[in-house]
Amino acid sequence: MAHITENNTALKSLANLEVFSETLQKLAENDKQITVVTSDSRGSGKLVPFGQRFPDQIVEVGIAEQNLVGVAAGLSSMGKKTFAVSPACFLTARSLEQIKNDVCYSDNPVKLVGISAGVSYGALGSTHHSLHDFAVLRAINNITIVVPADNFETEQAILAASEMQSPVYLRFGKKTMPSNIDENDELYTASKNFEIGKGRVLMEGTDLTFIAIGEAVLPCIEAAKILHKENNITCTVVSMHTLKPLDSELIKKIASNGSPILTVEEHSVYGGLGEAVASLLLQNGFHNRFKIVGLPDDHTVSGSQNEIFEHYGISKSGLAKTGLEILAKQNQTLVQA
């Protein structure tokens, strides 16, 4: 899918939410059916400029997330291309029944936009962390789950989602993210194409694979560079931007060489990307050494997103260390065999 503007937003590094807002404004310029519903979240959702430019295409419901989803479903049923924007922690907890019944069961093509997801709210703590959304939404029929890793994927995901005639959940954090992988990097292999339901191979290697989603993709790329420079280990890195439907063919193709696989996500280790990939591999007869990296089942520590990532090993150094550990276990198994 082509970029939407000549002055492409993906040429400069922004928070993915800023790219979301800019892309939505470009769509709204030519499509009066584009409608945004917010729950006192236009500021945190970077939608103040949208509201100023298109006051007749934005609805504010206040801090009432269940109403947000119900109103969005009603507008969608009348032909509006509706984006319901709210913090992910509240959108997918307080409004879960409305998402299940008003959106998915009723087949209203609402674009549910979970903002400040994962541990983006940092020091606000567990009440504001969204580490459950993958798990609960994967269990609901008739919803696509998309989590862009960078500005390029964000723009393309919004363009694609706006044309979809089925429910979509789009998840964004707050951090400034790369426009795209540096094309001048010697390890660069990323495709210029984006398709919902198809993962993007960002790096190719034979020793170890990182399959990551959203803002957890970048530390995997950085870890792969460390492993290559310091240990001559080559890694495959995949941005599995679509969690549902999962790109099963790509995963099976990657797993076919038998090398270890690490899945990495800003989500609980229960019910997310890791368990989805593990289930796929086991049910298809693969026996690769495998590890899920995410947030464990405990009272999540507070701090900035970077601090929390460091604490739980979702950093470049932590992932490089985990990669070496899983490769050592793989080599030990081969020696014993």
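Up top is the structure.
Residues numbered from 1 in each chain as written. Predicted model: local features only at pLDDT ≥ 70, side-chain atom pairs only at ≥ 80, totals over all residues. Heavy atoms only, no water.

K.L.:
Tell me about the nonpolar core, residues and numbers included.
P.N.:
Core analysis: the largest hydrophobic core is formed by 37 residues, its most contacted members being Leu 112, Tyr 169 and Ile 211. Of all the secondary structure elements, the ones that give two or more residues to this core are α3 (65-77), α4 (88-91), α5 (96-105), α6 (133-138), α9 (248-255) and α10 (273-283). The contact partners of Leu 112, leaving out residues within four places of it in the chain, are Val 69, Ala 84, Leu 91, Ile 99, Val 103, Ile 143, Val 168, Tyr 169 and Leu 170. Within the second largest apolar cluster, 30 residues are counted, among which are Leu 131, Ala 216, Ile 221 and Leu 319. (Core = buried A, V, L, I, M, F, W, Y, C linked by side-chain atoms within 4.5 Å. Buried < 20%, exposed > 50% of the residue type's maximum accessible area, 1.4 Å probe, protein only. Helix = DSSP H or I, 4+ residues; strand = E, 2+ residues; numbered from the N terminus. Contact = heavy atoms within 4.5 Å.)

K.L.:
Got a sec to walk through the packing of helix α1 (residues 16-30) against helix α7 (residues 151-163)? Specific residues and values, please.
P.N.:
Closest axis-to-axis distance for the α1/α7 pair is 9 Å, and the angle between their directions is 40°. Here α7 runs oblique to α1, going by the angle between their axes. Regarding α1 and α7, the two cross each other, and that crossing is right-handed. Residues Asn 16, Val 19, Phe 20, Thr 23, Leu 24 and Leu 27 of α1 pack against Asn 151, Thr 154, Glu 155, Ile 158, Leu 159 and Ser 162 of α7. Classifying every residue of the contact of α1 with α7 gives six nonpolar, five polar and one charged. (Axes fitted to C-alpha atoms, helices over the stretch in contact; angles between N-to-C directions. Parallel < 35°, antiparallel > 145°, perpendicular 65-115°, else oblique. Left-handed = near helix turned anticlockwise from the far one by under 90°. Nonpolar A, V, L, I, M, F, W, Y, C, P; charged D, E, K, R; others polar.)

K.L.:
Lay out helix α8 (residues 217-231) with the relevant residues and their values.
P.N.:
The terminal C-alpha atoms of α8, which comprises 15 residues, lie 21 Å apart, in line with the 21 Å expected from a rise of 1.5 Å per residue. When we look at burial in α8, the residues that qualify are Val 217, Pro 219, Cys 220, Ile 221, Ala 223, Ala 224 and Leu 227. Note on α8: the residue one or two positions beyond its end, Asn 232, has a positive phi of about 55°. (Expected span 1.5 Å × (residues − 1).)

K.L.:
Lay out the pattern of salt bridges in plain terms, naming residues and giving numbers.
P.N.:
Summed over all chains, the structure comprises nine salt bridges. One salt bridge in this structure joins Glu 163 and Lys 81, with 3.6 Å as the shortest N-O distance. Remark: Lys 81 occurs in strand β4 (residues 81-87) and Glu 163 occurs in helix α7; sequence separation between them is 82 residues. Salt-bridge contacts for Lys 252 lead to Glu 249; the nearest nitrogen and oxygen are separated by 3.2 Å. Of the two residues, Lys 252 and Glu 249 are both situated in helix α9; the distance of three residues between them amounts to about one turn of the helix. One salt-bridge network, held together by shared partners, links Lys 26, Glu 29 and Arg 53. (Salt bridge = Lys/Arg side-chain N within 4 Å of Asp/Glu carboxyl O.)

K.L.:
Break down the environment of Ser 39 for me, with residues and values.
P.N.:
Tracing the sequence through the fold places Ser 39 in the loop between β2 (34-38) and α2 (48-53). A relative accessible area of 4% places Ser 39 in the buried class. For the pair Ser 39 and Pro 87, spaced 48 residues apart in sequence, the C-alpha to C-alpha distance is 8.6 Å. When neighbours within four sequence positions are excluded, Ser 39 is seen to be in contact with Glu 60, Val 61, Gly 62, Ile 63, Ala 64, Glu 65, Leu 68, Val 85, Ser 86 and Pro 87. Engagement of the side chain of Ser 39 in a polar contact is seen with the side chain of Ser 86, the distance being 2.8 Å. (Polar contact = N/O pair within 3.5 Å; in protein donor to acceptor, adjacent residues only side chain to side chain.)

K.L.:
Describe the environment of Gly 122, and please don't skip the residues or the numbers.
P.N.:
Mapped onto the fold, Gly 122 is located in the loop between β5 (111-115) and α6. A C-alpha to C-alpha distance of 8.5 Å links Gly 122 and Glu 307, two positions 185 residues apart in sequence. The contacts of Gly 122, once residues within four sequence positions are left out, are His 129, Ser 302, Gly 303, Ser 304 and Ile 308.

K.L.:
How would you summarise unusual backbone geometry if you had to cite specific residues and measurements?
P.N.:
Note that the residue after Lys 244, namely Pro 245, is joined by a cis bond; omega there is 0°. Position of Pro 245 among the secondary structure elements: in the loop between β12 (242-244) and α9. The phi angle at Asn 232 is positive, at roughly 55°, despite the residue not being glycine. In this structure, Asn 232 sits in the loop between α8 and β11 (235-239).

K.L.:
Summarise the sheet that holds strand β3 (residues 58-60); cite the residues concerned and give the values.
P.N.:
Taken together, the seven strands give an open sheet; going across it, the order is β3-β2-β4-β5-β7-β6-β12, and neighbouring strands pair in mixed fashion. Of all the strands in the sheet, the pair left with one neighbour each is β3 and β12. This sheet shows a mean twist of 20° between the axes of neighbouring strands, independent of strand direction. Relative to β5, β4 is paired through five bridges, and the arrangement is parallel. In the strand pairing of β5, Pro 87 is matched with Ile 115. In this fold α3 packs onto β2, β3, β4 and β5, with an angle of close to 170° to the strand it touches most, β4. (Pairing = 2+ DSSP bridges.)

K.L.:
Quick one: what's the story with the sheet that holds strand β14 (residues 290-295), residue by residue and with numbers?
P.N.:
Picture the strands of a sheet paired through backbone hydrogen bonds; they go either parallel or antiparallel. Here we have five strands laid out as an open sheet, ordered β9-β11-β10-β13-β14, and mixed in their pairing. Single-partner strands in this sheet number two, and they are β9 (200-203) and β14. Adjacent strand axes in the sheet meet at a mean angle of 25°, parallel and antiparallel pairs treated alike. As paired strands, β9 and β11 are joined by three bridges and run antiparallel to one another. Bridging from a neighbouring strand, Met 203 pairs with Val 237 of β11. Those strands touched by α10 are β10 (208-212), β13 (261-268) and β14, and its axis lies near 145° from that of β13.

Function cannot be inferred from these measures alone, as they are strictly geometric.
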